[in-house]
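# Survey of secondary and tertiary structure
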Amino acid sequence: MKVVYTDSLVIGGGLAGLRVAINTKKRGLDTIVLSLIPAKRSHSSAAQGGMQASLAACVKSVGDNEDVHFSDTIKGSDWGADQDVVRMFVHTAPKAIRELSHWGVPWSRVRKGNREVIINGQKVTITERDEAHGLITARDFGGTKSWRTCYTSDGTGHTMLYAVDNKAIEMGIPVHERKEAISLIHDGKTCYGAVVRDLVTGELIAYLAKATTIATGGYGRIYAITTNAVISEGIGTAIALETGVVRFGNPEAVQFHPTAIVPVGILTTEGCRGDGGLLKDVDGYRFMPDYEPEKKELASRDVVSRRMTEHMRKGKGVKSRYGDHLWLDITLLGKHHIEKNLREVKEICQYFLGIDPVKDYIPVRPTQHYSMGGIRTKYTGESSTLRGLFSAGEAACWDMHGFNRLGGNSVAETIVAGMIVGHYAADYCRDHSVDFNTSLVEKTIAREQKKIDEILERPQGENVFQLREAMQATMMENVGIFRQGDALQKAVNDLKALLKRSKNIAIKTKVRHANPELVEAIRVPKMIKVALCVAQAALLRTESRGAHAREDCPARNDKEWLKRTLAYWKNEDDGMPTIEYENLDIMKMEMPPGSRGYGKDNTIHHPDTERRLKQVEEIKKSKPKADRFELQKALMDFPMPEEYRGKNERIGVGCQ
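Our subject in this report is the structure included herewith. On a predicted model such as this, the values are computed, not experimentally measured, just so you know.

## Regarding the overall build of the protein chain
Helix and strand content of the protein chain: 18 helices and 22 strands. By the compact-globule yardstick of 26 Å for 656 residues, the protein chain fits well, its C-alpha radius of gyration being 24 Å. Relative to its 656 residues, the protein chain shows a buried fraction of 63%. The long-range fraction of contacts in the protein chain, counting pairs at least 24 apart against all pairs at least 6 apart in sequence, stands at 74%. Carbon and sulfur atoms form 48% of the exposed surface of the protein chain, whose accessible area is close to 24,500 Å². Averaging the positions of the 94 positive and the 85 negative side-chain charges in the protein chain gives two centres separated by 1 Å.

## A look at the environment of serine 61
Among the secondary structure elements, serine 61 is positioned in the loop between strand E3 (51-52) and helix H2 (66-76). Each C-alpha atom of the pair serine 61 and glycine 480 lies 35 Å from the other, and the pair is 419 residues apart in sequence. Non-local contacts of serine 61, meaning those with residues more than four positions away in its chain, are made with Ala56, Ala138, Ser146, Trp147 and Arg148.

## Quick look at the sheet that holds strand E21 (residues 563-568)
Spatially, the 5 strands line up as an open sheet ordered E18-E16-E11-E21-E22, and their pairing is mixed. The sheet is open, and its two edges are formed by strand E18 (396-397) and strand E22 (578-583), each paired on a single side. The pairing of E21 with E22 spans 6 bridges and is classified as antiparallel. Paired with threonine 565 across the two strands is tyrosine 581, which belongs to E22. Here helix H15 (residues 516-540) sits on the sheet in contact with strand E11 (248-249), E21 and E22, set at roughly 60° to E22.

## Points about the side chain of lysine 346
One can find lysine 346 in helix H10 (residues 343-353). A relative accessible area of 13% places lysine 346 in the buried class. Filtering out sequence-adjacent residues up to four positions away, lysine 346 remains in contact with Ile338, Glu339, Asp356, Pro357 and Val358.

## Structural notes on the pattern of salt bridges
One pass over the full model with this rule turns up 58 salt bridges. As a salt-bridge pair, glutamate 233 and arginine 523 come within 2.9 Å of each other at their nearest N and O atoms. With glutamate 233 in the loop between strand E10 (204-214) and helix H5 (235-241) and arginine 523 in helix H15, this residue pair connects regions lying 290 residues apart in the sequence. This pair shows no difference in class: glutamate 233 is buried, exactly as arginine 523 is. In this structure, glutamate 297 engages arginine 286 in a salt bridge whose closest nitrogen and oxygen atoms are separated by 2.8 Å.

## Comments concerning unusual backbone geometry
Put simply, valine 262 and proline 263 share a cis peptide bond, and its omega is 10°. Mapped onto the elements, proline 263 comes out in the loop between strand E12 (254-261) and helix H6 (271-274). Here tryptophan 398 and aspartate 399 are connected by a cis peptide whose omega angle stands at 25°. With phi around 55°, asparagine 120 is a residue other than glycine that occupies positive phi space. Inspection of the secondary structure assignment puts asparagine 120 in the loop between strand E4 (113-119) and strand E5 (122-128). On the basis of relative accessibility, which here comes to 40%, the residue asparagine 120 falls in the partly exposed class. The phi angle at lysine 296 is positive, at roughly 55°, despite the residue not being glycine.

## Comments concerning the packing of helix H3 (residues 83-102) against helix H11 (residues 409-431)
Two elements in contact, H3 and H11, have axes whose closest approach is 9 Å; the angle formed by their N-to-C orientations is 95°. Considering their axes alone, H3 and H11 lie roughly perpendicular with respect to each other. From H3, Met88, Phe89, Thr92, Ala93, Ala96, Glu99 and Leu100 reach across to H11, where they touch Asn409, Ala412, Glu413, Ile415, Val416, Met419, Ile420 and Tyr424. Of the residues in the contact of H3 with H11, the class split is 11 nonpolar, 2 polar and 2 charged.

## Observations concerning the packing of aromatic side chains
Applying the stated rule across the entire model yields 9 aromatic pairs. Here phenylalanine 390 and tyrosine 428 contribute two aromatic rings whose centre-to-centre distance is 5.8 Å and whose plane-to-plane angle is 75°, an arrangement assigned as edge-to-face. Highlighted residues: phenylalanine 390 in strand E17 (residues 389-391) and tyrosine 428 in helix H11, separated in sequence by 38 residues. In this structure tyrosine 428 comes out as buried when scored by relative accessible area, which is 7%. Clustering of aromatic rings is evident, with ring pairs tying together Tyr5, Tyr192 and Phe436.

Conventions adopted
- Residues numbered from 1 in each chain as written.
- Predicted model: local features only at pLDDT ≥ 70, side-chain atom pairs only at ≥ 80, totals over all residues.
- Heavy atoms only, no water.
- Helix = DSSP H or I, 4+ residues; strand = E, 2+ residues; numbered from the N terminus.
- Rg over C-alpha atoms; globule rule 2.2 N^0.38 Å.
- Buried < 20%, exposed > 50% of the residue type's maximum accessible area, 1.4 Å probe, protein only.
- Contact = heavy atoms within 4.5 Å.
- Areas by Shrake-Rupley, 256 points an atom, 1.4 Å probe, with all protein chains shown as cover.
- Lys, Arg positive; Asp, Glu negative; His and termini not counted.
- Charge placed at Lys NZ, Arg CZ, Asp CG, Glu CD.
- Pairing = 2+ DSSP bridges.
- Axes fitted to C-alpha atoms, helices over the stretch in contact; angles between N-to-C directions.
- Salt bridge = Lys/Arg side-chain N within 4 Å of Asp/Glu carboxyl O.
- Parallel < 35°, antiparallel > 145°, perpendicular 65-115°, else oblique.
- Nonpolar A, V, L, I, M, F, W, Y, C, P; charged D, E, K, R; others polar.
- Phe/Tyr/Trp six-rings, centres within 6.5 Å; stacked < 30°, edge-to-face > 60°.

Note that every value here comes from positions in space, so none of it alone points to a role or purpose.
Laid out in structure tokens, this is it:
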């Protein structure tokens, strides 16, 4: 039995995982990162549009601050987010982006003087302030009151990932590549590390650690068409779920991005619309102002996706062999802007569609994009039910997105959560001594080895690729943008049958090393469990909130459903997850539930909402001379590591 010991084990080599590792390493802790692939090829590199932080440098950002960013994020979440966590996030984001600048991210900058931009389909001249020249600029994104999304053309994730990975290399943090965690080592109370399979040799290795952090990204690949990388299969979430004690928070909260290209589903960034691009139908008609006259194409992502789908249902989609789609028009931005700020979009269109977006419309339709759900954690990033297990980034339900994520908040979360969760993981390592039980380690490895042996030795059985395709088709057809009770029940029934069949997988290639078929045989049953959690949670939540849109239950029902879903897989042989709920306490909210401002407000309000609104007004009236910091603290004080507690400065206003 091969055993590797470390203080901090990070599973996942993307932005969140690397940033956690940097913080534990700088505290003097031995740190190891596990990655399926070389870190610089992580899915984090696919983030195109930008990272939100309230710097307020460009002229269209004047007046932006943490309060505005907080308000936008809570509204975007449809009041499903943890408001303490959102406060931590918006307070730290400006510090994070400036730190990245010092590490080498070449953020696009303000250039003083006049420049032409496209706003609401019209060319407008704006004048950037002389004193802002050279500061980090921002572009417009959906669901925000201010231009807040900082960017490097449309390759933001790429530049961020290279800078952060280079920092990890500089600090001497080892990244063990081609390694996959297939099970957590735990005793039901404390996590001690993971059983890891070497994808090249097939060897099982025990990685033992004081703190284990899962940062493996989302679970988009449970769907047939997704913008997610092929490695975004939810395995990190699944191995936590399989402990029987870790909670899978808000699994039904799945976001569809409005503008993925047809047919392959590759993303065209929200920056296309943020920079002035328009959505058009089969007639070349710009339809979004009819649905959302205020925000139009820059309504929140879940809203735009639903409006696009509604419009296609009315017969206004463009017919194609791949189904209906709509057009994204960025031709009005001009060749110079596209080749400078949207060059990756242009290359994608040329390579995959054979078109030039400088002069051609881009065929798009909503496609699965992001998982708001994940491993439920406390504000520290630690699981509340398994000590020593942390999670960050898209793999986590930290929970700053609630039921819908704003564009630019995810790549920002990877860094900010990495900073904060890394801090608390380091604290945990400092404050806890661990006695590793070798018999527990041996038992866990033996169990996982037995599962692999059974797959290899089974003479005949289920085809793993057929099971995977059936799962993805079921999710695509029945657990999509719009959801119905009957379709969700069908999805649950189909997935239950697939899970049962997955216990009898047989493979043709019998080798243990470098065997993609064996990799699939290990992963697919875990993916089906994740998919079952998504479908069952969606079936049980009889309301519409954020990206979870039930056509048979269109109201947002705060009275009955202002709660976070918690899914468990209590016993390994269970055919279904156990679903429980965690109430959100309105009386502790800085920003009580209200209207998001899209379409008709059909909210069924919670009885505590009016009480809290009155309480908030009384607090404000009692402090007429308080500045915004004092007032915010009186409404809802929030936790924060001391190193990130300092106020953020902005041009012209200092720390105001």
